[in-house]
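Structure at a glance
Listed below are the residues making up each chain.
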Amino acid sequence: MKFSSPEIFHQRISLFFHLMIALPLIIFVYLFLEMKHNDLSPVITTSVLEHAVNVGFTLISGFITVFAYVTYSRTLLSTRMLEGLSNKLERYFGLFLKLYTMVGFASALVVLGLFLTTSPIFIVDYVLLLFILSLHRPTPKKYVNDLRLEGKERKIILSKGEFTSN
């Protein structure tokens, strides 16, 4: 995907980031409020199966999140080596999409676990995922630091200027 300016890049990546937070959050808040009013009973009622879901979903969502960040970090190294700011941002955008999609999937898994068991462990899991996502929210300063941009490229991103050349 080609970007005509850093501003458009930032808008698109921010939109995707906020969608990955908002979609599971809407369902999470609904389930949480239903739990607080005692209107939500767990789908899974056997303690052994509930425990398996609690442990399994927590471990799987944790694994997905760790895998997402490890993959992101490894691919970031090769992205830094690309020539041209617009090429770097294209690849970087793809990295962010994969990262946020995987963490969004982990969030959806945690929300599903909350629906199935109404266990408070999933509330803790979800809050941790939101905290991790907040540490990696897309900002121009993050792009500059992640891509280790210097000089003219750094100035273009931080001032949200225009691309002059690839």
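Residues numbered from 1 in each chain as written. Predicted model: local features only at pLDDT ≥ 70, side-chain atom pairs only at ≥ 80, totals over all residues. Heavy atoms only, no water.

Tallying secondary structure elements over the chain gives six helices and zero strands in all. Moving toward the C terminus, one meets the helices and strands of the chain in the order α-α-α-α-α-α. If you line up the chain on its principal axes, its C-alpha atoms span 60 × 30 × 20 Å. Per-residue burial for the chain yields a buried fraction of 43% across its 166 residues. In the chain, 77% of the contacts between residues at least 6 apart in sequence involve partners at least 24 apart. Summed over its atoms, the accessible surface of the chain is roughly 9400 Å², and 67% of this surface lies on carbon and sulfur atoms. Considering the chain, the positive charge centre built from 16 side chains and the negative charge centre built from 11 side chains are found 10 Å apart. (Helix = DSSP H or I, 4+ residues; strand = E, 2+ residues; numbered from the N terminus. Buried < 20%, exposed > 50% of the residue type's maximum accessible area, 1.4 Å probe, protein only. Contact = heavy atoms within 4.5 Å. Areas by Shrake-Rupley, 256 points an atom, 1.4 Å probe, with all protein chains shown as cover. Lys, Arg positive; Asp, Glu negative; His and termini not counted. Charge placed at Lys NZ, Arg CZ, Asp CG, Glu CD.)

This brings us to the side chain of Ser 107. Here Ser 107 shows up in helix α3 (residues 85-117). Accessibility expressed as a relative area gives 2% for Ser 107, which makes it buried. The residues contacting Ser 107, other than those within four sequence positions of it, are Pro 24, Tyr 126 and Leu 129.

Before going further, it helps to examine the packing of aromatic side chains. What the rule picks out here adds up to 14 aromatic pairs. Seen in terms of ring centroids, Phe 28 and Tyr 126 are 4.4 Å apart; in terms of plane orientation they differ by 20°. Their pairing is stacked. Taken together, the residues span a long stretch of sequence, with Phe 28 in helix α1 (residues 6-36) and Tyr 126 in helix α4 (residues 121-135) at a distance of 98 residues. For Phe 28, a relative accessible area of 9% gives the class buried. The exposure class of Tyr 126 is buried, given its relative accessible area of 1%. (Phe/Tyr/Trp six-rings, centres within 6.5 Å; stacked < 30°, edge-to-face > 60°.)

Once that is clear, we can look at the packing of α1 against α3. Their axes nearest at 10 Å, the elements α1 and α3 cross at an angle of 5°. Classified by the interaxial angle, the pair formed by α1 and α3 is roughly parallel. Within the contact between the two elements, α1 uses Phe 9, Arg 12, Ile 13, Phe 16, Phe 17, Met 20, Pro 24, Ile 27, Phe 28, Leu 31 and Met 35 and α3 uses Leu 89, Tyr 92, Phe 93, Phe 96, Leu 97, Tyr 100, Thr 101, Gly 104, Ser 107, Val 111, Leu 114 and Phe 115. A per-class count over the contact of α1 with α3 returns 19 nonpolar, three polar and one charged. (Axes fitted to C-alpha atoms, helices over the stretch in contact; angles between N-to-C directions. Parallel < 35°, antiparallel > 145°, perpendicular 65-115°, else oblique. Nonpolar A, V, L, I, M, F, W, Y, C, P; charged D, E, K, R; others polar.)

Another aspect to go through is the environment of Leu 59. Residue placement: Leu 59 occurs in helix α2 (residues 47-80). Taking the relative accessible area as the measure of exposure, Leu 59 reaches 57% and is therefore exposed. Between the C-alpha atoms of Leu 59 and Asp 125, which are 66 residues apart in sequence, the distance is 9.9 Å.

By the definition in use, this model includes two salt bridges. One salt bridge connects Glu 153 with Lys 88, and the closest N-O pair in it is separated by 3.2 Å. In this pair, Glu 153 is assigned in helix α6 (residues 151-158) and Lys 88 in helix α3, connecting sequence segments 65 residues apart. Its salt-bridge partner being Asp 146, residue Lys 142 comes within 2.9 Å of it at the nearest N-O pair. Residue Lys 142 and its partner Asp 146 are both found in helix α5 (residues 140-147); the two are separated by four residues, about one turn of the helix. (Salt bridge = Lys/Arg side-chain N within 4 Å of Asp/Glu carboxyl O.)

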